[in-house]
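Each chain, letter by letter, is given below.
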Amino acid sequence: MFGVKFEEIVSMENLLEAWGEFLAGKRNKSDVQTFRENLLENIRLLHDDLVAYRYQHGAYYHFTITDPKPRDIHKASVRDRLLHHAIHRKLYPFFDRVFVADSFSCREERGTHKAMERFRYFARSVSRNGTRTCWVLKLDVRKFFASIDHSVLLSILYNRIPDLSTMWMLERIVSSFTGVGTGRGLPLGNLTSQLFANVYMNELDQFVKHRLRAKHYIRYADDFVLLHEDRGALIRQLHQIEEFLWNALQLRLHPKKIELRTYTSGVDFLGWIHFSDHRVLRKASRDRMFRRLTEKPTEQVFSSYSGLLRHGNTKMVSEELANVYWMFAEKE
């Protein structure tokens, strides 16, 4: 049962605690420093606008990153991002209890490593430790964040959140951005977008787990896989998922990213190629890793990538990464 009150979300106490979380890693940003100069007054004004129902979400600053393909990022003002944090810290615990166990994106104590371990566990279970064929259906939603339908998202939120004041605030945030066409899209730069995306795709998770009764299903953001010993069963589930995504969520699968193959032939999932007895780093993931390390050859970045590489068969890549780090770090 939903038990979060609007007053709790917009309280000065919650906004101040959210500020502490928001500030991590952003202290030197000029817009953050400007907001911080009159911190209490700025937070009080935000609080007053919210409780008086005067709040309006501001415009976004747009820029593009390459990761490895170009991605459009829309950055909200510090004031609005502070509110996103305040909302997330109160709503996330409620929704996290609603989500299925096998969704792994943007959730505490979950991530790509746990998703990959779950994938390996499912593959071994379906194949009975390699004694029978395990088929893997891999799917990807086309232009996911840009295609999320605002009316569908708000309808899902209304079904979960009975508090009209909270919904008034969430409507302001959802409608502040338009992606592909009017009334569609969530900005990649918003913390609330991560939560809303999981709320949106939870409808698919529930459908696959409870309507299709798929036992071996894993989702990470808009990438998901189903494993089965029967190839025909996966083809039938593919058609049912396509129909559900469009009819219920107004989403389409990416036609060029529908893959159905055996586990032993290698499955590309979460940046790795998974085989029955090992996994290797995808070339695009490897290239992105080396590019980022040359751009920012810090010990933190190097340690992060070194830890990632320990999850696969990457002895040569690890040695090459260390050489690149020491070569570029010496120049800093």
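Check the entry above for the structure.
Here we summarise the structure given alongside this text. Since the model is a prediction, treat every value here as computed from it, not as a measurement. (Residues numbered from 1 in each chain as written. Predicted model: local features only at pLDDT ≥ 70, side-chain atom pairs only at ≥ 80, totals over all residues. Heavy atoms only, no water.)

Moving on, we get to the packing of aromatic side chains. Scanning the model with the defined rule gives 15 aromatic pairs in all. Look at Phe-95 and Phe-99: their rings are 6.4 Å apart centre to centre, the planes differ by 20 degrees, and that puts the pair in the stacked class. For the pair Phe-95 and Phe-99, a shared accessibility class is recorded, and that class is buried. Relative to Tyr-263, the ring of Phe-119 lies with its centre 5.8 Å away and its plane at 75 degrees, an arrangement referred to as edge-to-face. Residue Phe-119 is located in helix H6 (residues 112–127), and its partner Tyr-263 is located in the loop between strand E6 (259–262) and strand E7 (267–269); the two are separated by 144 residues in the primary sequence. (Phe/Tyr/Trp six-rings, centres within 6.5 Å; stacked < 30°, edge-to-face > 60°. Buried < 20%, exposed > 50% of the residue type's maximum accessible area, 1.4 Å probe, protein only. Helix = DSSP H or I, 4+ residues; strand = E, 2+ residues; numbered from the N terminus.)

So, about the sheet that holds strand E8 (residues 272–274). Where strands meet in a sheet, backbone hydrogen bonds hold them as pairs that are either parallel or antiparallel. Strand order in the open sheet formed by 3 strands is E7-E8-E9, and the pairing between neighbours is antiparallel. The sheet terminates laterally at E7 and strand E9 (279–281), the two strands that pair on one side only. Within the sheet, the average angular offset between the axes of one strand and its neighbour, ignoring direction, is 30 degrees. The sheet strands contacting H6 are E7, E8 and E9, and the helix crosses E9 at an angle near 145 degrees. (Pairing = 2+ DSSP bridges. Axes fitted to C-alpha atoms, helices over the stretch in contact; angles between N-to-C directions. Contact = heavy atoms within 4.5 Å.)

With respect to topology, 4 strands assemble into an open sheet ordered E4-E5-E3-E6, the strand pairing being antiparallel. The sheet is open, and its two borders are formed by strand E4 (217–220) and E6, each paired with just one other strand. Across the sheet, the mean angle separating the axes of adjacent strands is 15 degrees when strand polarity is ignored. As paired strands, strand E3 (residues 135–140) and E6 are joined by 4 bridges and run antiparallel to one another. In the strand pairing of E6, Lys-138 is matched with Glu-259. Taken strand by strand, H6 contacts E3, E4 and strand E5 (223–228), and its axis lies near 160 degrees from that of E4. Contacts between helix H10 (residues 191–211) and the sheet are confined to E4 and E5, with E4 contributing the most and set at about 170 degrees to the helix.

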